[in-house]
Amino acid sequence: MSQLFRAPRGTFDLVPPRGEAILAVREAMAAPLRRAGYGYVETPTFEETALFVRAVGESTDVVSKEMYSFTTRGGDDVTLRPEGTAPVLRAALEHNLHRGPVPVKLWYSGSYYRYERPQKGRFRHFSQVGAEAIGTEDPAIDAELIVLAVDAYRALGLTVRLLVNSLGSDESRPAYRAALQDYLRRRDLDDETRERVELNPLRVLDDKRPEMQAVLKEAPVIADFLSAADRAHHDALRALLTDAGVDYEDDPRLVRGLDYYTRTLFEFVHDGLGAQSAVGGGGRYDGLSELLGGPRLPGVGWALGVERTLLAVEAEGRALPGTGGVDVFAVPLGEVAARRLFAVVTELRRAGVAADMATGARGLKGSMKAADRSGARYAIVVGERDLADGVAQIKDLRSGDQAPASLQTLVAELRKRLGAPDA
Ligand code: AMP
């Protein structure tokens, strides 16, 4: 006998009721964006490899270690997307969206792929809901995006912490980079870190090893190097967040794993998740368009991790709305009744009532068990005698009460009992 296949390492299946729960999380993330005028965009799950190398940065872990890259039969080098910003900006430029009214506000939802070391909350295939606002430098748009993410977490009943930082623009970064390099070169570091100091010193700030955290404690912080304009942008953002009643923590050492960020940087953290505590994050990427061959075009965006957010919801013991189930479950006794109830269930569904029925010859006992498991409020039972009388028995599965109702008006009766609006 051959062995059962399993989902590949670092991936997982979502089966009911968690399958429904993940949809509810996605929906909660999308709703604030729709209310704020963001338009839905979909791009392919793979892109030219060079897009990510250019945008995310060659020395990042994402590009150097985690990409699912391959050469197609036709000889093209492609990569399963590890993130959403570069593809969405690529699409906006390709379709000239930036030549219309700005900011171009877009949102998306989909699968991402990173060859990471799997652990709780860290997968090789995961999903994100993301949003991007392209074409304005106004800090109000940074604040808007942050508030929309906060509203999504609130709608899910989650308590998350918001960390903010500014990485500065090209005006501020070179001096900071030099100061950080100067500081780090004078420390005792391993070879790999030493190399990183020369190549991409800001990446070193992301090193979570305790010995490195100790080294970094005294390191210079970007806040002391911000130009007047960068400082004004960051202060404006913080004031808007305060006005919106959004609490935040300044985290002068916050950096994220992608190189394209400028100025605003933020992360949402949930404290019930252990090591992989970031449930979402984002920032500004004012130089990215030019890196992709486009015009100078500022932008800001975020991506929220859908699975990690679901884990946070579960860690807090929260229930999610609309996790499946039906309202009515039909139980036929005999073939003629089955045919009749098939028609009734079809009519119920077309009238907007979630309905299901017992199939196969299960008998009354087995079918009633299925009705209970279905989560339905009402079971409708029809036997030969009922058919002869032109009725169905409606059983209230909560109270146990049962009463006959005319088959002719059964759908209307059930809709009335369920409080459905008039058809
Ligand atoms: P990033 O694209 O790295 O900014 O990540 C945004 C969010 O996506 C993170 O805060 C996580 O919630 C989620 N995420 C990123 N990588 C993974 C992964 N390997 N597994 C699960 N979730 C992830």
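Only a predicted model underlies this, so the values are computations on that prediction, with no experimental measurement involved. (Residues numbered from 1 in each chain as written. Predicted model: local features only at pLDDT ≥ 70, side-chain atom pairs only at ≥ 80, totals over all residues. Heavy atoms only, no water.)

Asks: Hey, could you run me through the overall build of the protein chain in this one?
Replies: When helices and strands are counted, the protein chain shows 16 helices and 16 strands. Considering only C-alpha atoms, the protein chain reaches an extent of 90 × 60 × 45 Å along its principal axes. In the protein chain, which comprises 423 residues, the proportion classed as buried is 48%. Sequence separation of 24 or more characterises 68% of the internal contacts of the protein chain that already satisfy a separation of 6 or more. Accessible surface, the protein chain: about 21,300 Å² in total, of which carbon and sulfur atoms supply 50%. Charged side chains in the protein chain number 55 positive and 61 negative. The centres of these two groups are separated by 5 Å. (Helix = DSSP H or I, 4+ residues; strand = E, 2+ residues; numbered from the N terminus. Buried < 20%, exposed > 50% of the residue type's maximum accessible area, 1.4 Å probe, protein only. Contact = heavy atoms within 4.5 Å. Areas by Shrake-Rupley, 256 points an atom, 1.4 Å probe, with all protein chains shown as cover. Lys, Arg positive; Asp, Glu negative; His and termini not counted. Charge placed at Lys NZ, Arg CZ, Asp CG, Glu CD.)

Asks: Just to check I follow, could you spell out the site of the ligand for this structure?
Replies: As a matter of local geometry, the ligand sits amid 14 residues, with Arg114, Glu116, Phe123, Arg256 and Ala278 nearest to it. Here glutamine 128 contributes a side-chain N or O atom positioned 2.9 Å from an oxygen atom of the ligand. Arginine 256 places a side-chain nitrogen or oxygen 2.7 Å from an oxygen atom of the ligand. In the complex, the protein chains occlude 93% of the 490 Å² of accessible area that the ligand would expose alone. Grouping the amino acids of the shell around the ligand by side-chain chemistry returns five nonpolar, four polar and five charged. (Near = heavy atom within 4 Å. Polar contact = N/O pair within 3.5 Å; in protein donor to acceptor, adjacent residues only side chain to side chain. Nonpolar A, V, L, I, M, F, W, Y, C, P; charged D, E, K, R; others polar.)

Asks: I'm lost on the domain arrangement of the protein chain in this one. Help?
Replies: Quoted interface sizes are often the accessible area lost when the parts come together. Here the protein chain is partitioned into domain 1 (18-172 + 226-315) and domain 2 (328-418). On a C-alpha basis, the centroid separation for the pair domain 1 and domain 2 is 48 Å. (Domains from an automatic or database assignment.)

Asks: I keep staring at the sheet that holds strand E3 (residues 68-71) and nothing clicks. Help me out?
Replies: What holds strands together in a sheet is hydrogen bonding between their backbones, with the strands either parallel or antiparallel. Read from one edge of the open sheet, three strands run E2-E4-E3, paired in antiparallel fashion. The open sheet is flanked by strand E2 (46-48) and E3, the only strands paired with a single partner. Ignoring strand direction, the axes of neighbouring strands in this sheet form an average angle of 30°. Pairing analysis gives four bridges linking E3 to strand E4 (residues 77-80), with the strands arranged antiparallel. From the neighbouring strand, serine 69 faces E4, where its bridge partner is threonine 79. (Pairing = 2+ DSSP bridges. Axes fitted to C-alpha atoms, helices over the stretch in contact; angles between N-to-C directions.)

Asks: Even after reading the chapter, I still don't get the layout of surface pockets, so can you show me in this structure?
Replies: One way to see where empty space is left: roll a probe the size of a water molecule over the atoms. There is about 610 Å³ of room inside the second largest pocket. Looking at the second largest pocket, it is lined by 28 residues, and the ones nearest its centre are Asp170, Arg173, Asp259, Tyr261 and Thr262. Grouping the amino acids of the lining of the second largest pocket by side-chain chemistry returns 10 nonpolar, five polar and 13 charged. (1 Å grid on protein atoms, 1.4 Å probe; cavity = no way out; pocket = protein on both sides within 12 Å on 5 of 7 lines; lining within 4 Å. Points joined across faces, edges and corners; volume = space filled by probe spheres on them.)

Asks: What is the right way to look at the side chain of glutamine 128 in this model?
Replies: Relative to the helices and strands, glutamine 128 resides in strand E6 (residues 125-134). The contact partners of glutamine 128, leaving out residues within four places of it in the chain, are Gly84, Tyr108, Ser109, Gly110, Tyr112, Arg114, Ala303, Leu304 and Val306.

Asks: I would appreciate a short explanation of the nonpolar core in the present structure.
Replies: Generally speaking, soluble globular proteins have nonpolar side chains that are buried together. Judged by nonpolar contacts, the single largest core of 90 residues is most densely connected at Leu184, Leu241, Phe268 and Trp302. Aside from chain neighbours lying at most four places away, what touches leucine 184 is Leu189, Val197, Pro201, Val204, Val215 and Leu216. Of all hydrophobic cores here, the second largest spans 20 residues; its members include Ala330, Ala355, Val382 and Leu414. (Core = buried A, V, L, I, M, F, W, Y, C linked by side-chain atoms within 4.5 Å.)

Asks: Where do I start with the packing of aromatic side chains in this structure?
Replies: One pair of aromatic rings is described through two measures. These are the centre distance and the angle between the planes. Under the counting rule described, the total for this entry stands at nine aromatic pairs. Taken together, Tyr153, Phe266 and Phe268 form an aromatic cluster joined through their ring pairs. Over the aromatic face of tyrosine 112 sits the side chain of arginine 81, whose NZ or CZ is 4.6 Å from the ring centroid. Directly above the aromatic system of tyrosine 115 lies the positively charged group of arginine 124, at a separation of 3.9 Å from the ring centroid. (Phe/Tyr/Trp six-rings, centres within 6.5 Å; stacked < 30°, edge-to-face > 60°. Lys NZ or Arg CZ within 6 Å of the ring centre and 35° of its normal.)

Asks: Sorry, what's going on with the sheet that holds strand E12 (residues 328-332) here?
Replies: Read across the open sheet, the five strands follow the order E13-E12-E14-E15-E16; overall the sheet is mixed. Here the strands that pair on one side only, and so sit at the sheet edges, are strand E13 (355-357) and strand E16 (402-406). Across this sheet, the average inter-strand angle for adjacent strands is 25°, counted without regard to direction. Packed onto the sheet, helix H13 (residues 335-350) meets E12, E13 and strand E14 (378-382) and runs at close to 165° relative to E13.

Asks: Would you take a moment to explain the pairing of strand E7 (residues 161-166) for this structure?
Replies: Every other side chain in a regular strand lies on the same face of the sheet, so the side chains alternate between the two faces. Taken across its six residues, E7 has five buried, putting it largely inside the fold. With six bridges connecting them, E7 and strand E9 (residues 262-269) associate as antiparallel partners. For valine 164, the partnering residue across the bridge sits in E9 and is phenylalanine 266. Pairing geometry for E7 and strand E8 (residues 249-250), over two bridges, is parallel. Bridging across to E8, valine 164 finds its partner in aspartate 250.

Asks: I keep staring at the environment of lysine 65 and nothing clicks. Help me out?
Replies: As for its position among the elements, lysine 65 is in helix H3 (residues 61-65). We classify lysine 65 as partly exposed; its relative accessible area is 49%. The spacing of lysine 65 and glutamate 307 is 242 residues in sequence and 22 Å in space, taken between C-alpha atoms. Aside from chain neighbours lying at most four places away, what touches lysine 65 is Tyr115 and Glu192.

Asks: I'm lost on the pattern of salt bridges in this one. Help?
Replies: Once their charged atoms are close, side chains differing in charge can pair, the charge on each being opposite to the other. Following the criterion strictly, the structure yields 30 salt bridges and no others. As a salt-bridge pair, arginine 284 and aspartate 142 come within 2.6 Å of each other at their nearest N and O atoms. One end of the pair, arginine 284, is in strand E10 (residues 278-284); the other, aspartate 142, is in helix H5 (residues 139-155), with 142 residues separating them in the sequence. Each member of the pair, arginine 284 together with aspartate 142, is buried. Each member of the salt-bridge network shares a partner with another, and the members are Arg231, Asp235, Arg238 and Asp250. (Salt bridge = Lys/Arg side-chain N within 4 Å of Asp/Glu carboxyl O.)

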